[in-house]
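Next come the chains, spelled out residue by residue.
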Amino acid sequence: MLKDILTNPMIIAILAALPFSLLGIKLPSVFEKPLAYLGQMSTPMALILIGAGIRPSSFAGRGTWIGFGAIYKVVVTPLVFAVPMQWMGFNPEQIVTAFVMFAVPSAMNVYIVTKKMGGDGELGAAIITVSMLLSAVTLPMGIWVIKTLGII
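None of the values given here were measured: they were computed from a predicted structure.

(A) Structural context of the overall build of the protein. Across its full length, the protein holds seven helices and zero strands. Across the protein, helices and strands are ordered from the amino to the carboxyl terminus as α-α-α-α-α-α-α. Projected onto its principal axes, the C-alpha positions of the protein cover 50 × 45 × 30 Å. Looking at the 152 residues of the protein, the share that counts as buried comes to 24%. Intrachain contacts of the protein at a sequence separation of at least 6 include 75% that bridge at least 24 residues. In the protein, the 9 positive side-chain charges and the 5 negative ones have mean positions that sit 3 Å from each other.

(B) Focus on the nonpolar core. One finds A82, M85, I95, V96, A98, F99, A103, I146 and I151 forming the largest nonpolar core, which totals nine residues. In terms of residue count, helix α5 (residues 92–103) provides more of this core than any other element does, five residues in total. Once residues lying within four places of it in the same chain are set aside, the contact partners of I146 are V96, F99, I151 and I152. Residues I50, I54, A125 and I128 belong to the second largest nonpolar core, which totals seven residues.

(C) Fine view of the environment of V76. Considering the arrangement of structural elements, one finds V76 in helix α4 (residues 63–87). When its relative accessible area of 31% is taken as the criterion, V76 is described as partly exposed. Put simply, V76 and A103 are 27 residues apart on the chain and 8.6 Å apart in space, counted from C-alpha to C-alpha.

(D) Quick look at the side chain of K73. By the element assignment, K73 lies in helix α4. Although K73 is buried, it makes no salt bridge; D120 carries the closest opposite charge, 19 Å away. Here F102 takes part through its backbone oxygen, which lies 3.1 Å from a polar atom of the side chain of K73. When neighbours within four sequence positions are excluded, K73 is seen to be in contact with P78, M101, F102, A103, V104, P105 and S106.

About the cut-offs
- Residues numbered from 1 in each chain as written.
- Predicted model: local features only at pLDDT ≥ 70, side-chain atom pairs only at ≥ 80, totals over all residues.
- Heavy atoms only, no water.
- Helix = DSSP H or I, 4+ residues; strand = E, 2+ residues; numbered from the N terminus.
- Buried < 20%, exposed > 50% of the residue type's maximum accessible area, 1.4 Å probe, protein only.
- Contact = heavy atoms within 4.5 Å.
- Lys, Arg positive; Asp, Glu negative; His and termini not counted.
- Charge placed at Lys NZ, Arg CZ, Asp CG, Glu CD.
- Core = buried A, V, L, I, M, F, W, Y, C linked by side-chain atoms within 4.5 Å.
- Salt bridge = Lys/Arg side-chain N within 4 Å of Asp/Glu carboxyl O.
- Polar contact = N/O pair within 3.5 Å; in protein donor to acceptor, adjacent residues only side chain to side chain.

Rendered as structure tokens:
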């Protein structure tokens, strides 16, 4: 398992970028601009690839797990973290930032890591898809509730 973690392309990319970030090294503009474009298209491309990898059969008989995973990600997690922050005296900007950070859909890299580590990639893709759709409702609703309660 340690070998799988250390050979994970995302971990390698993070470790390779760490010295640049810590030392404040800037890339030449000839590299920076194309990499910025690549970064901007990574999320839409990941969604397309995940959508292409989903089979309707991956949803069959797994609705409970998919629903639980999606609801846990976009409803339960934000409540578990954002509500206690109010009691602990965090300021409104910190609470809203935490709420949004925890209420956004499951990250696309979940699918990639799940597949790489030999897990159930189809279940991961289904949870990402459902959490993406669900967050279109829960995120604005959560912000409305936070505003209505006078937190912001």
